Amino acid sequence: MNLTGPALVFGDEINTDELHPSRFYSLDDVRVRSGFLRAVEGKEDQGQRPFEGAIVVAGRTFGIGSSRETGARVFRLAGIRALVAVSFARIFHRNLLNLGLLAVTAPGLATVKPADGELVTVDLAANLVRFGPHALPIEPLDPHWRAVLDAGGLAAYLGIEER
Amino acid sequence: MTTRTAQVLTAHAVAESRLAPGSVYMAVAPDVILGHDATIALLIGRVRKAGLRIAHPERCLFAADHFVPAATEERASILHDYVRFVEEQGVSTAALYQGISHQLMVEDRRCVPGALIAGADSHTTMAGALGTVAIGFGSTDILGVLVRGVLFVRIPEAVHVRVVGRRGPHVSGKDVALLMMRHFGEGGATYRALEIEDQTPSRSLTMADRMTLANMAVDCGAKNALVVPDEVTAAYVTARDGAPAPFAFAPPVASDYHSVVELDLSHVTPLVARPGSPADVAPASDAGGERIDQVVIGSCCGGRLEDLHEALAVLAGRRVPDRVRFVVTPASRQVYEAALADGTALALSRAGAMVTVPSCGACGGIDKGLLGAGEVCVSTSNRNFRGRMGSIEARIYLASAATAAASALLGRVADPREVA
């Protein structure tokens, strides 16, 4: 499977409070969506852009901090198709996968990253992320997470919700 | 042999036919599921819609700590529905409005060495101070364990953290935690278990120190932090429960660990984490002495009775400048009542503190001490990310209660030795 979209690029150690400040915690999806990227330096006013089909490309320890799942769900609400990072913070990574969002690691992004908006392809058959002349290896997901993603998320996997 | 974390996870493994072949994950059933109003609220509608019930309500410890008492109409409604959910699912209401979930967990008899605790909050790691394996999860994982009874985890690599050396005066558990943050950085322990052993002379790390240390383990990325149980743990459990804890671990061998880290306290002075990152750590005496507007002593990280006492000892009968907002938020009702009973609350109030009711309060940018643009705060909490406590133009220093109190007295970031 290939997922292609424009890159939405982040640096290292971007935390959940930057990605989605706690004041946008809500049970109302419109309110949750409006908090996207609101404290990320240089992107404070970009959260309202349409991101339908975009692919997040991030540095080290993306999403460190809170377990608030609104901070992961907002990526889905914003239309993000997949996330690739040098590494993810543990809880944030689980939240993304549990919500059925593809989130994989590619350590090679520490040396080279696409430009914001550049087309990126996540090639799951070859386990590569491609942009421009680059093809960086993706660390394969554990079979458990592949099964969760195939089901459409953990709740569907456990038969709690329909896909 | 295996690490203590692996021993606890293995002891809680359950058969699970849904686990994908070839996976390194295992299914476990935790002893306690810790939750609170903010994160459980995210799954209430999903449980109701599926027409399901919590499989083991007796395993839940559900607090109401984020939105209490509610500061907005929306939060009041969230809280209202949460309390109704707790009641309709047959979960005990005893922990509601009693304080911050993590503090309630360590005050609970189920928190004993060898227990497995899954919490719907990142700082669940704090309960590892008692030799538990305590891990934070998001709401969908917690939804799964509540209604299906299982969590999927893998056994993490573990780092043996040896705390050694005799610490000087005014060096508190928070300084040890900041030393750990400086060592690992924000992501340096990602996915790993920290097994922390107090090897200081005469075991100088108190239970409160250990709680603060285990609390911030998640802020350097750790999955859990297990403080190796010893006589300090045994004394705490005996005082709490009237009986010692039974669980003993088989001692791991060196080769079980991924690596060994030594935190030497002998040359440590009071520290602060500078605005923006809990891992940007510097000596308080060397942090620039920025003028401050607010001091917060509170949160699951730094709102225990020991923190309040530490602040009071530094204040020593003096009053903070009128212009400094000095907010003290005890971590639980038990802490609050102890501070009322022993005169600490009154003494803090006389020093200029606004002593608030127990809650997460200012730490999560919720209420009772948010910061405006350009404001500077010293806080005993665990995160100083941009926008964490309000405005993205505000600046937050993290420090011990002693350093926070000294800073309050001088109206600037200060080392407690300056006012000794």
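Just so we're clear, the structure is a prediction, and the values are computed from it rather than from any experiment.

Moving on: the overall build of chain A. If you tally the helices and strands in chain A, you get six helices and seven strands. Start at the N end of chain A and walk to the C end: the helices and strands fall as β-α-α-β-α-β-α-β-β-β-β-α-α. For chain A, the C-alpha radius of gyration of 15 Å lies close to 15 Å, the compact-globule estimate for 163 residues. C-alpha extents for chain A along the principal axes are approximately 40 × 40 × 25 Å. Across the 163 residues that make up chain A, the buried fraction comes to 61%. Once local pairs closer than 6 in sequence are excluded, the contacts in chain A between residues at least 24 apart make up 63%. Of the roughly 6000 Å² of accessible surface on chain A, 50% is carried by carbon and sulfur atoms.

With that settled, consider the overall build of chain B. The helix and strand inventory of chain B stands at 13 helices and 17 strands. For 420 residues, the compact-globule estimate of 2.2 N^0.38 gives 22 Å, and chain B sits close to it at 21 Å. Here the C-alpha coordinates of chain B stretch approximately 60 × 55 × 40 Å along the principal axes. Counting the 420 residues in chain B, one finds 65% classified as buried. For chain B, the proportion of contacts with a sequence separation of at least 24, taken over those separated by at least 6, is 76%. Surface summary for chain B: the accessible area is close to 14000 Å², and the carbon and sulfur share equals 53%. Distance between charge centres in chain B, computed from 39 positive and 43 negative side chains, equals 2 Å.

All right, on to the pattern of salt bridges then. Taken as a whole and judged by the stated rule, the model has 32 salt bridges over all chains. In this structure, the salt-bridge partner of aspartate 116 of chain A is lysine 43 of chain A, at a minimum N-O distance of 3.5 Å. Highlighted residues: aspartate 116 of chain A in the loop between strand E4 (102-105) and strand E5 (119-123) and lysine 43 of chain A in the loop between helix H2 (29-33) and strand E2 (55-58), separated in sequence by 73 residues. Aspartate 116 of chain A sits in the partly exposed class, given a relative accessible area of 44%. Lysine 43 of chain A sits in the buried class, given a relative accessible area of 9%. Three or more residues joined by partner-sharing salt bridges are found here, namely Asp198, Arg203, Arg210, Asp230 and Glu231 of chain B.

All names here are of chain B. The domains assigned to chain B are domain 1 (4-264) and domain 2 (271-418). Using C-alpha coordinates to define each centre, domain 1 is positioned 24 Å away from domain 2. Taken together, the contact between domain 1 and domain 2 spans 35 residues of the former and 38 residues of the latter. Summing both sides of the interface, domain 1 and domain 2 together bury roughly 3000 Å²; the carbon and sulfur share of this comes to 58%. The largest per-residue losses of area from domain 1 upon contact with domain 2 belong to Ile100, His170 and Lys174, which jointly make up 19% of the total buried on that side. The interface formed by domain 1 and domain 2 contains one salt bridge. For the salt bridge of arginine 383 with aspartate 219, the shortest nitrogen-to-oxygen distance reads 2.7 Å. Connecting domain 1 to domain 2 are 19 residue pairs in polar contact (both at pLDDT 80 or more). Taken together, the elements giving at least two residues each to the side of domain 1 that touches domain 2 come down to helix H4 (101-106), helix H6 (173-184) and helix H7 (207-217). With six residues, H6 is the single largest residue contributor to the side of domain 1 that touches domain 2. Here the residues of the side of domain 1 that touches domain 2 sort into 15 nonpolar, twelve polar and eight charged.

Another point: helix H13 (residues 401-410) of chain B. Among the ten residues in H13 of chain B, nine count as buried, and that is most of the element. Among all positions of H13 of chain B, only Ala401, Ala402, Thr403, Ala404, Ala405, Ala406, Ser407, Ala408 and Leu409 of chain B are buried.

The subject of this paragraph is the packing of helix H2 (residues 37-50) of chain B against helix H5 (residues 139-148) of chain B. Residue and element names in this part refer to chain B. Between H2 and H5, the shortest axis-to-axis distance is 9 Å and the interhelical angle comes to 55 degrees. As summarised for this structure, H2 and H5 are arranged oblique, according to the angle between their axes. Like other packed secondary-structure pairs, H2 and H5 cross with a definite hand, here right-handed. Mapping the contact onto sequence places Thr39, Ile40, Leu42, Leu43, Arg46 and Val47 in H2 and Ser139, Thr140, Ile142, Leu143, Leu146 and Val147 in H5.

The complete set of buried residues in helix H3 (residues 70-77) of chain A reads Thr70, Gly71, Ala72, Val74 and Phe75 of chain A. Looking at the buried residues of H3 of chain A, the elements they touch are helix H1 (16-19), H2, E2, strand E3 (82-85) and helix H4 (90-98) of chain A together with H2 of chain B. Glycine 79 of chain A sits one or two residues past H3 of chain A and shows a positive phi near 90 degrees.

Moving on, we get to the interface of chain A and chain B. Of the residues lining the interface, 43 residues belong to chain A; the matching set on chain B comes to 52 residues. When chain A packs against chain B, close to 3900 Å² is buried across both sides, 53% of that on carbon and sulfur atoms. Looking only at chain A, the three residues that lose the most surface to chain B are Tyr25, Arg90 and Ile160 of chain A, adding up to 18% of its buried area. Applying the counting rule to chain A against chain B returns five salt bridges. Measuring nitrogen to oxygen at the nearest pair gives 3.8 Å for the salt bridge that ties arginine 46 of chain B to glutamate 69 of chain A. Where chain A touches chain B, the interface holds 22 residue pairs in polar contact (both at pLDDT 80 or more). Only H1, H4, helix H5 (143-151) and helix H6 (154-157) of chain A provide two or more residues apiece to the side of chain A that touches chain B. The leading source of residues in the side of chain A that touches chain B is H4 of chain A, at six residues.

About the thresholds
All residue numbers here refer to positions counted from 1 along the written sequence of the relevant chain. Labels are handed out in written order, letters beginning with A for the chains and numbers beginning with 1 for the ligands. Under the rules for a predicted model, residues below a pLDDT of 70 receive no local features and side-chain atom pairs below 80 are neither given nor counted, while totals for whole chains, interfaces and linings still include all residues. To get the side-chain values, take all heavy atoms of the structure and skip hydrogens and water. Each helix is a run of H or I in the DSSP string that is no shorter than four residues. Each strand is a run of E no shorter than two, and both are numbered from the N terminus. Radius of gyration means the value over C-alpha atoms here, while the globule rule gives 2.2 Å times the residue count to the 0.38 power. Relative accessibility under 20% of the residue-type maximum defines a buried residue, over 50% an exposed one, and the middle range a partly exposed one, all with a 1.4 Å probe and only protein chains included. The criterion used for residue contact is that any of the two residues' heavy atoms lie within 4.5 Å. Residue exposure ignores everything except the shown protein chains as possible cover, and the areas themselves are Shrake-Rupley values with a 1.4 Å probe. Think of it this way: Lys and Arg go in the positive column, Asp and Glu in the negative one, and His and the chain ends go nowhere. In this description, the location of a charge corresponds to atom NZ of lysine, CZ of arginine, CG of aspartate or CD of glutamate. Think of a salt bridge as a Lys or Arg side-chain nitrogen and an Asp or Glu carboxyl oxygen that are within 4 Å of each other. Either an automatic procedure or a domain database provided the assignment from which the domain bounds are taken. By buried area we mean the combined loss of accessible area, with a 1.4 Å probe, across both parts when two parts are placed together. Any pair of N or O atoms that falls within 3.5 Å is considered a polar contact. Within protein, one atom must be able to donate a hydrogen and the other to accept it, and sequence-neighbouring residues count only if both atoms are side-chain atoms. Asp, Glu, Lys and Arg are counted as charged, while Ala, Val, Leu, Ile, Met, Phe, Trp, Tyr, Cys and Pro are counted as nonpolar; the rest, among them Gly, fall into the polar class. An axis is simply a line fitted to the C-alpha atoms; with a helix, the fit covers only the stretch in contact. Between two such axes, the angle follows the N-to-C directions and lies from 0 to 180 degrees. Put simply, angles under 35 degrees are roughly parallel, angles over 145 are roughly antiparallel, angles from 65 to 115 are roughly perpendicular, and the rest are oblique. Two helices cross in a left-handed way if the nearer one is turned anticlockwise from the farther one by less than a right angle. They cross in a right-handed way if the turn is clockwise.

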